[in-house]
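# Structure assessment
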Amino acid sequence: FEGGEGSGKSTQAAMLADRLKSFGIDVLLTREPGGSPAAEVIRHVLLSGVAKTLGAEAEAMLFAAAREDHVFNTIEPALARGQWVISDRFADSTRVYQGSLGQVDARMIRRLEKLTIGETRPEVTFILDLPAEQGLARANARRGNDKADRFESEALEFHQKLRDAYRQLAADEPFRCVLIDASAPRVSVGMAIWDVINRRFDPATAPLFVEGASP
Ligand code: Z5A
């Protein structure tokens, strides 16, 4: 799942995981930055903002270091066990935040991507799309009095450009990336996502996962 701040990624990733589990599918729900113990430490560094002064290239390398650990220690073992993996953000976030917005050279982003994920690419990426004002309002309401993190505290214009960059990504890779209207109510967004999953993966025919049984 990809998209801007407050677009509903965590909500929809969890809803999809639950729905797949109800079909007897073994699902791993994970997130970036993070998703493995070492990557969660790097997440803390990145979101605290202490790395911001190092510049966008250094941040891109830190996100890449976290991703490499996440892929190697969490995602690949899960896929090898036959689990379906759902990630709340992945490599497109680096393309968009550090690439399009941070203006890190596209060749460097591609090289980092190759080093960190290799062939472990998502079969489908849902890009949750909604006006930046709406996403920020949702995120602010959820955060309450807590302090905004490194990226939440960027100006509205930054979040508008993010939305444009994600829409461009969806246009550039129209099969892998599915643009979803995230301004709709949660249930409707979930149905649009489920429709794509059903058509592409036919979960009803997937092998059943039995808790405790060996693979
Ligand atoms: N980052 C990067 O720069 N480079 C990278 O390579 C990677 C990440 C991997 C991670 O922040 C930050 O790191 C992120 C990009 C950067 N920066 N930002 N900003 P994070 O993981 O802490 O946060 P996030 O990824 O941006 O997600 P979020 O703010 O938590 O939002 P969300 O997951 O998209 O939304 P949500 O939590 O599901 O929903 C937000 C609220 O809206 C919540 O109260 C929901 O109940 C509500 N909601 C959800 N759906 C709806 C609908 N449909 N209607 C109404 N209300 C809704």
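Just above, that's the structure.
Since we're looking at a predicted model, the values are computed, not measured. As a convention, each chain's residues are numbered from 1 in the sequence order in which they are written. Whole-chain, interface and lining totals are the exception, using all residues; otherwise, since this is a predicted model, local features are given only for residues with pLDDT of at least 70 and side-chain atom pairs are given and counted only at 80 or more. Water and hydrogen atoms were dropped before computing side-chain values, which therefore reflect all heavy atoms in the structure.

### Quick word on the overall build of the protein
Using the following cut-off: In this description a helix means any DSSP run of H or I spanning at least four residues, a strand means any run of E spanning at least two, and both kinds are numbered starting from the N terminus. Computation of the radius of gyration draws on C-alpha atoms, with the globule rule given as 2.2 Å multiplied by the number of residues to the power 0.38. Burial here depends on accessible area, computed with a 1.4 Å probe over protein chains only, as a share of the maximum for the residue type. Under 20% is buried, over 50% is exposed, and the range in between is partly exposed.
Each helix and strand counted, the protein has eight helices and five strands in total. In terms of overall dimensions, the protein is globule-like: its C-alpha atoms have a radius of gyration of 17 Å, near the 17 Å expected for 215 residues. Its C-alpha atoms give the protein principal-axis dimensions of about 50 × 35 × 35 Å. A burial count over the protein gives 47% of its 215 residues as buried.

### Topic: the site of the ligand
To be explicit about the condition: When at least one non-hydrogen atom of a residue lies within 4 Å of a molecule or strand, that residue is treated as near it. We call two N or O atoms a polar contact when they sit within 3.5 Å, provided that within protein one can donate a hydrogen and the other can accept it, with sequence-adjacent residues counted only if both atoms are side-chain atoms. Using a 1.4 Å probe, the Shrake-Rupley method yields the accessible areas, and only the shown protein chains count as cover for residues. Think of it as three bins: nonpolar holds Ala, Val, Leu, Ile, Met, Phe, Trp, Tyr, Cys and Pro, charged holds Asp, Glu, Lys and Arg, and polar takes everything else, Gly as well.
Among the 27 residues in the neighbourhood of the ligand, the closest are listed as Glu5, Lys9, Thr11, Arg89 and Thr94. A distance of 2.5 Å separates an oxygen atom of the ligand from a polar atom in the side chain of Thr11. For the ligand, an oxygen atom lies 3.0 Å from a polar atom in the side chain of Arg67. Relative to its unbound accessible surface of 1,100 Å², the ligand loses 87% to contact with the protein. Elements that contribute at least two residues to the shell around the ligand include exactly helix H1 (9-22), helix H2 (37-48), helix H3 (56-80), helix H4 (91-101) and helix H6 (132-143). Residue composition of the shell around the ligand, grouped by class: seven nonpolar, nine polar and 11 charged.

### Some details on empty space enclosed by the protein
Cut-off, in case you're wondering: For each structure, a 1 Å grid was placed over the protein atoms alone; sets of points admitting a 1.4 Å probe that cannot get out are labelled cavities, open sets with protein on both sides within 12 Å along at least five of seven lines are labelled pockets, and lining residues have an atom within 4 Å of a point. Grid points are joined across faces, edges and corners, and a volume is the space filled by probe spheres set on the points.
By the definition in use, this model includes two cavities of 30 Å³ or more. Forming the walls of the largest cavity are 17 residues, and the residues nearest its centre are Gly4, Leu128, Leu130, His159 and Arg163. No other element matches helix H7 (residues 156-172), which puts five residues into the lining of the largest cavity. Broken down by class, the residue content of the lining of the largest cavity amounts to nine nonpolar, four polar and four charged. Of the pockets and cavities examined, the second largest cavity occupies roughly 50 Å³.

### Let's talk about the packing of aromatic side chains
Going by this rule: Stacked, tilted and edge-to-face pairs are distinguished by plane angle, under 30 degrees for stacked and over 60 for edge-to-face with tilted covering the rest, among Phe, Tyr and Trp rings (Trp via its six-membered ring) whose centres lie within 6.5 Å. Two conditions define a charge sitting above a ring: the NZ of Lys or the CZ of Arg must be within 6 Å of the ring centre, and it must be within 35 degrees of the ring normal.
Taken as a whole and judged by the stated rule, the model has six aromatic pairs. Taken together, a centroid distance of 6.1 Å and an interplanar angle of 45° make the contact between Phe63 and Phe151 tilted. Of this pair, Phe63 sits in helix H3 while Phe151 sits in the loop between H6 and H7, and the two are 88 residues apart along the sequence. Phe151 matches Phe63 in its accessibility class, with the two residues each being buried. Aromatic rings pair up to connect Phe63, Tyr97, Phe151 and Phe158 into one cluster. Stacked on the ring of Phe151, the Lys or Arg Arg150 has its end atom at 4.3 Å from the ring centre.

### Brief notes about the packing of H1 against helix H8 (residues 186-201)
The following threshold applies: A fitted line through C-alpha atoms serves as each axis, taken over the contacting stretch for helices, and the angle formed by two N-to-C directions is quoted from 0 to 180°. An angle below 35 degrees is treated as roughly parallel, one above 145 as roughly antiparallel, one from 65 to 115 as roughly perpendicular, and anything else as oblique. We call a crossing left-handed when the near helix sits turned anticlockwise from the far one by less than a right angle, and right-handed when that turn is clockwise. Whether two residues are in contact is decided by their heavy atoms: any pair within 4.5 Å suffices.
Two elements in contact, H1 and H8, have axes whose closest approach is 10 Å; the angle formed by their N-to-C orientations is 55°. By the criterion of interaxial angle, the relationship of H1 to H8 is oblique. Taken as a pair, H1 and H8 cross one another with a handedness that is right-handed. Residues Thr11, Gln12, Met15, Leu16, Arg19 and Leu20 of H1 form the contact with H8, whose participating residues are Arg186, Val187, Val189, Gly190, Met191, Ile193, Trp194 and Ile197. Class assignment of the residues belonging to the contact of H1 with H8 gives a composition of nine nonpolar, three polar and two charged.

### Structural notes on the pattern of salt bridges
Note the following rule: For salt bridges, the criterion is a side-chain nitrogen of Lys or Arg within 4 Å of an Asp or Glu carboxyl oxygen.
Under the defined criterion, the tally for this structure stands at 18 salt bridges. Between Arg150 and Glu59 there is a salt bridge; the shortest N-O distance is 2.9 Å. On the criterion of sequence distance, the pair formed by Arg150 in the loop between H6 and H7 and Glu59 in helix H3 is long-range, its members being 91 residues apart. One exposure class covers both Arg150 and Glu59, and it is buried. Linking Asp105 and Arg107 is a salt bridge whose minimum nitrogen-to-oxygen distance equals 2.9 Å. By relative accessible area, which is 33% here, Asp105 ends up partly exposed.

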